[in-house]
Amino acid sequence: MPLQDVRKRSVVERQWIRYTLVLAGILIPAFTASAFDVESRAIVRKGKRLHEERVVLANLREADRLEGEHFRIVAGTSEDPVPVTSLKGATLYFHLERARDFFAGLGDLLNADQRAALGERITVRMDIDVEYSDANHFVTGPKKVYNTCKTIPKSAPVVERMGRVAPWGLEIWFHPAKTIRRKTMAAMGNHLKSGEFGLSVFEQLLTGDLTRFAQAGNAGSFDPTLAAASLAFSLGLSQLVPRGVGLAIGRVKTRFRLDTAMIPEIIYHEYSHAVIKKSDLELKRSTQIIEGFPNFFAYKISGLSNLADHDGAFGIGTRGKSAKYRGLYSFDQDLFSVAIYGSFTYSLLVQLEHALGDEGFMILWNAMGSLTYDSDLKNDFVREVLSSIDRFSSNPEAKRWAALRVFMERGF
Ligand SMILES: [Zn+2]
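Since this is a predicted model, take the numbers as computed values, not measurements.

*Asks:* What is the right way to look at the overall build of the protein in this model?
*Replies:* Of regular secondary structure, the protein possesses 14 helices and 13 strands. For the protein, with 412 residues in total, the buried portion stands at 36%. A sequence separation of at least 24 residues applies to 66% of the contacts in the protein between residues at least 6 apart.

Below is the structure:
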């Protein structure tokens, strides 16, 4: 065993002794206290990679189940909290508390709705494989849902009036991971480095219209490049075509698997939806703005510029998001179908925060407060950032120029 490993283990052992002492101090008076801090094991990121390690789960109401002050972790459609020894449950709980701490620390930046979201006790469903319905809560049909997660709003008053299903509060669902094989279009050569966004548009166009291609293929006339070009033209995405037709595109089968409950940045992202959904950024659809801000918050919470990268067996065939991505704006950045795939808005927010200095986060947070699920990047986002600078910056003249330089650099 290399020396380094020995040293690491002894640090862990020392931590273990310390936690045990801390725990003893907490658990003995816990019969009268209202919250427990309990030790368990969770997946955390060390360096770039994910590891299992000991963590302390704070603010639990019970010592042996994940029933906490802010989160209760249940499995599937059950209402019973899972044991603290559940690795997935503890991973969710640990990172959700961490994300909540971040938002709670924003203090005066929070509006009343956001504060209310922090005060809500959220039911977090892991390994839930059913679909969501705003009328029935759970859709127990044959169709199962895998490899994704979602934040769902509390039940509407009409659900309570109808009385068919029990009303529910704010919930976050983490669907189970399942390895699937999917066909994708791979591009070769230097083009791989450019146009992250254009490629994902192509991929979507192609995988989204496979039946049409299959028919063309059966008729012996299948040419993926030309089919992509014609589809792009027909959807008004012709500016993608010159780059696209030059690509050597081949049909490649890839494996895909995403255990969203085991990847810290995805947990931060999802909780961010729960906090900001109280504003007008309600999750009525996925747009660059609605998905970009949670990625930006995941970066603030994790301190990582590459999100959901190096996920090992928890994320296969997935693409991380990079804060260093420097793609240029094109109008497709605002198309909802591709919004969640790119790094554009995320990297733009990080770049703006840097350019705006100490006031960067505050300016962007306040700009977010005026955006809605209808807002686009090119007009609404730019306008709200500049307006936030005018309203909140101590040096609006300089900050305006700093923001405009970023927008120009990114092709707005
Ligand atoms: Zn999202």
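*Asks:* So what exactly am I meant to see when it comes to the nonpolar core here?
*Replies:* Across soluble globular proteins, you tend to see nonpolar side chains buried next to one another. Of all hydrophobic cores here, the largest spans 74 residues; its most connected members are Ile-73, Leu-92 and Tyr-93. Of the residues forming this core, the biggest block, eight residues, is contributed by helix H10 (residues 288–302). Both domain 2 (36–174) and domain 4 (263–409) contribute no fewer than three residues apiece to this core. Discounting residues that sit within four places of it in the chain, Ile-73 has contacts with Leu-66, Pro-81, Val-82, Gly-89, Leu-92, Tyr-93, Val-124 and Met-126.

*Asks:* Would you explain the sheet that holds strand E8 (residues 171–174) in this entry?
*Replies:* Each strand in a sheet pairs with another by means of backbone hydrogen bonds, the pair being arranged parallel or else antiparallel. In space, the four strands of this open sheet follow the order E3-E4-E8-E7, with mixed pairing throughout. The sheet terminates laterally at strand E3 (71–75) and strand E7 (149–152), the two strands that pair on one side only. Across this sheet, the average inter-strand angle for adjacent strands is 20°, counted without regard to direction. Sheet topology places E3 next to strand E4 (residues 122–126); five bridges connect them, and they run parallel.

*Asks:* Explanation requested: the environment of Val-382 in the structure shown.
*Replies:* Mapped onto the elements, Val-382 comes out in helix H13 (residues 377–392). For Val-382, a count of 17 C-beta atoms within 10 Å gives the class partly exposed. For Val-382 and Ala-367, which are 15 residues apart along the polypeptide, the C-alpha to C-alpha distance reads 9.1 Å. In contact with Val-382, other than residues within four places in its own chain, are Phe-407 and Phe-412.

*Asks:* I tried to follow the pairing of strand E1 (residues 36–46) on my own but got confused; where do I start?
*Replies:* Two faces make up the sheet, and in a regular strand the side chains alternate between them. Two strands pair when backbone bridges link them, and E1 and strand E2 (residues 49–60) are joined in this way by 10 bridges, in the antiparallel orientation. Across the sheet, Arg-41 pairs through a bridge with Arg-54, a residue of E2. The turn joining E1 and E2, which pair antiparallel and follow one another in sequence, is formed by two residues; a positive phi near 65° is taken by Gly-47.

*Asks:* Help me out: how do you make sense of the packing of helix H9 (residues 264–276) against H10 in this one?
*Replies:* In a pair of packed helices, the angle between the axes and the distance between the axes together describe the arrangement. Where H9 meets H10, the axes come as close as 8 Å, and the angle between the chain directions of the two elements is 125°. In terms of orientation, H9 lies oblique with respect to H10. H10 is crossed by H9, and the crossing has right-handed handedness. Only Phe-293, Pro-294, Asn-295, Phe-297, Ala-298, Ile-301 and Ser-302 of H10 make contact with H9, whose side of the interface consists of Pro-264, Glu-265, Tyr-268, His-269, Ser-272, His-273 and Ile-276. Of the residues in the contact of H9 with H10, the class split is eight nonpolar, five polar and one charged.

*Asks:* Any chance you could explain unusual backbone geometry here in plain terms?
*Replies:* Glycine aside, negative phi is the norm for most residues, and most peptide bonds take the trans geometry. Here the phi dihedral of Asn-59 falls at roughly 60°; this positive angle occurs in a residue that is not glycine. Take Asn-59: it is sitting in strand E2. For Asn-59, a count of 17 C-beta atoms within 10 Å puts it in the partly exposed group.

*Asks:* What's the story with the packing of H13 against helix H14 (residues 396–409) in this structure? I'm lost.
*Replies:* As a packed pair, H13 and H14 sit with axes 9 Å apart at the nearest point and diverge in direction by 160°. As summarised for this structure, H13 and H14 are arranged roughly antiparallel, according to the angle between their axes. Crossing hand, H13 versus H14: right-handed. The segment H13 lies against H14, with Val-382, Val-385, Leu-386, Ile-389 and Asp-390 engaging Pro-396, Lys-399, Arg-400, Ala-403 and Phe-407. Grouping the constituent residues of the contact of H13 with H14 by class yields seven nonpolar, no polar and three charged.

Rules and cut-offs
- Residues numbered from 1 in each chain as written.
- Predicted model: local features only at pLDDT ≥ 70, side-chain atom pairs only at ≥ 80, totals over all residues.
- Helix = DSSP H or I, 4+ residues; strand = E, 2+ residues; numbered from the N terminus.
- Buried ≥ 20, exposed ≤ 12 C-beta atoms within 10 Å, placed from the backbone.
- Contact = placed C-beta atoms within 7 Å.
- Core = buried A, V, L, I, M, F, W, Y, C linked by C-beta atoms within 7 Å.
- Domains from an automatic or database assignment.
- Pairing = 2+ DSSP bridges.
- Axes fitted to C-alpha atoms, helices over the stretch in contact; angles between N-to-C directions.
- Parallel < 35°, antiparallel > 145°, perpendicular 65-115°, else oblique.
- Left-handed = near helix turned anticlockwise from the far one by under 90°.
- Nonpolar A, V, L, I, M, F, W, Y, C, P; charged D, E, K, R; others polar.

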